[in-house]
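A structural walkthrough
Chain by chain, the residues run as shown.
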Amino acid sequence: AQDTMLYLDGVSVAFDGFKAINNLSIIVRPTEMLAIIGPNGAGKTTMMDIITGKTRPDTGDVMFDGRTDLTRLDEAAIANLGIGRKFQKPTVFESHTVWDNLEMALRKPRGIFAALFYTPSDDDIAQITGILETVRLLHRKDELAANLSHGQKQWLEIGMLLAQDPKLLLVDEPVAGMTDSETGETAKLLREIAQTRSVVVVEHDMSFVRELGSRVICLAEGAVLAEGSLDQVSANPVVIERYLGR
Ligand code: ADP
């Protein structure tokens, strides 16, 4: 449907008989931010692996953008459809400038010869400038990525994913290791990104989830334990007992 970007329906996957994901159903709307919380081992990473094609579910459907069944596709094909994934650790090209990192991310495959003589078009320059504004790094565009703070490296990698123009951005614990002000800024920039794309954030830091202000799903034992605003989820007695009350 038009109001659904991603739809997991009755998804299960077992590792050696242990059900890491157990009849999980989730909907992500277009231009919605969704925070996924839950205790260690709840299945958050496995869920992301299923969406990106790294893990194939045993049963269930994963539908993207209305009609594409992701369970039939490999990781590269899924990425090309417009699903970007940000892992916890930043991976940027440290010995290149911030700007060049974005140029490399923007560059479409066009053969080694063309790549060697690549010069960005006016469109490319405008796009890179816009992305660097979004991720708060325009003033550091000529800096080597190695010289950025940990938080800025995370933003640069988010920028590199934006260069691929994803419809759905999956982000794994983006603020781990960030300063308080970087954490606040990250919440703001993810909210800005979610104005035009769907964003799913897996997160342990509840004060950050509060700053995101998004819908929250609490996973436990591979299924949805509770869903709603953070206040609703954290007032859920089962969540209090099983998770927040630890
Ligand atoms: P979370 O990200 O919420 O901490 P995971 O998705 O990493 O949870 O793990 C869910 C459960 O599945 C855990 O019990 C974990 O040990 C198990 N698991 C995950 N991946 C594998 C795997 N490749 N082989 C065996 N067990 C796995």
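Let me sum up the structure you'll find in this document. (Residues numbered from 1 in each chain as written. Predicted model: local features only at pLDDT ≥ 70, side-chain atom pairs only at ≥ 80, totals over all residues.)

**Quick look at the nonpolar core**
Spelled out, the test is: Here, a nonpolar core denotes buried Ala, Val, Leu, Ile, Met, Phe, Trp, Tyr and Cys residues that are linked to one another through C-beta atoms within 7 Å. Each residue is classed by its C-beta neighbour count within 10 Å, where at least 20 other C-beta atoms makes it buried, 12 or fewer makes it exposed, and intermediate counts make it partly exposed; the C-beta atoms are placed from backbone geometry. Where helices and strands are cited, they refer to DSSP runs of H or I of at least four residues and of E of at least two residues respectively, numbered from the N terminus.
Counting residues in hydrophobic clusters, the biggest one holds 66 residues, and the most contacted among them are Ile36, Leu156, Val199 and Val201. Considering every element that reaches this core, the biggest residue donor is helix H6 (residues 150-162), with six residues.

**Topic: the sheet that holds strand S2 (residues 18-28)**
Rule in force here: One requirement defines pairing of two strands: DSSP has to find at least two bridges between them. Two residues form a contact once the distance between their C-beta atoms, set from the backbone, is within 7 Å. As a rule, the C-alpha atoms of each element are fitted with a line to give its axis, helices using only the stretch in contact, and angles between N-to-C directions run from 0 to 180 degrees.
Pairing is antiparallel in the open sheet, where four strands are placed in the order S2-S1-S4-S5. Pairing within the sheet leaves two strands with one partner each, and these edge strands are S2 and strand S5 (68-69). Pairing of strand S1 (residues 6-15) with S2, which is carried by seven bridges, proceeds in the antiparallel orientation. Looking at S2, one finds that tyrosine 7 is bridged to isoleucine 27. Lying on the sheet, helix H1 (residues 44-51) is in contact with S1, S2 and strand S4 (59-64); it crosses S2 at an angle near 65 degrees.

**Some details on the sheet that holds strand S10 (residues 223-228)**
With mixed pairing, the six strands of this open sheet are ordered in space as S6-S7-S8-S3-S9-S10. In this open sheet, the two strands that pair with only one neighbour each are strand S6 (83-86) and S10. Averaged over all neighbouring strand pairs, the angle between strand axes comes to 20 degrees, with direction disregarded. Most of the contacts of H1 go to strand S7 (residues 168-172), to which it runs at about 150 degrees, and overall it touches strand S3 (33-37), S6, S7, strand S8 (198-202) and strand S9 (215-220).

**Some points on the site of the ligand**
Here is the rule: In this entry, near means the residue's backbone-placed C-beta atom lies within 6 Å of the molecule or strand. Throughout, the ten residues Ala, Val, Leu, Ile, Met, Phe, Trp, Tyr, Cys and Pro are labelled nonpolar, Asp, Glu, Lys and Arg are labelled charged, and all others, Gly among them, are labelled polar.
As a matter of local geometry, the ligand sits amid Phe15, Ala20, Gly38, Asn40, Gly41, Ala42, Gly43, Lys44, Thr45 and Thr46. When residues in the shell around the ligand are grouped by element, the largest group, three residues, is from H1. The residue makeup of the shell around the ligand, split by class, is three nonpolar, six polar and one charged.

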